[in-house]
Amino acid sequence: MNKRERKKFEKLLLEMREKKLEYINVLRELAISRTQREASGDISAFTSHPADISTESYEREKVASLITRETQILKELDAALERIRDATYGECDTCGGDIPPARLQARPFATLCVKCQTEAEEG
Ligand SMILES: [Zn+2]
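Residues numbered from 1 in each chain as written. Predicted model: local features only at pLDDT ≥ 70, side-chain atom pairs only at ≥ 80, totals over all residues.

Q: Account for the overall build of the protein chain, with residues named and values stated.
A: Each helix and strand counted, the protein chain has five helices and zero strands in total. In the protein chain, which comprises 123 residues, the proportion classed as buried is 10%. In the protein chain, of all internal contacts separated by at least 6 residues, the share reaching a separation of at least 24 is 62%. (Helix = DSSP H or I, 4+ residues; strand = E, 2+ residues; numbered from the N terminus. Buried ≥ 20, exposed ≤ 12 C-beta atoms within 10 Å, placed from the backbone. Contact = placed C-beta atoms within 7 Å.)

Structural data, given as structure tokens:
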């Protein structure tokens, strides 16, 4: 991958990273506000029904798992930016071949070419 292409993907990765960070912050605030509401006892006003309690805890789990997932993607974005700095971006981790730009466009933090990814998923 040439320098110009790397720059293009760097920009794309930085933009994605920015958006992820914002999204994670929103999720964190959501998680905190829920916890505070529960701690202050306000929750009892909302959850007179057992069904409401399970909805509440289901939503809390959903937010928690979203935070975990988004944080993982953020790490992958950071790793991809690292590869851009090392000039190894766009190379397959397994076979060392080029990852097609179309694939990187769709998944800028991809570390494997399609063939190796498929093999890795099939185990
Ligand atoms: Zn490969």
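Q: Report on the nonpolar core, specifying residues and quantitative values.
A: Core analysis: the biggest nonpolar cluster contains nine residues, these being F9, L13, L77, A80, Y89, I99, L104, F109 and C113. When residues of this core are traced back to their parent elements, those giving at least two are α1 (3-39) and α3 (50-86). If you count residues domain by domain, this core takes at least three from each of domain 1 (3-89) and domain 2 (90-123). With residues near it in sequence (within four places) discarded, L77 still touches L13, M16, R17, K20 and F109. (Core = buried A, V, L, I, M, F, W, Y, C linked by C-beta atoms within 7 Å. Domains from an automatic or database assignment.)

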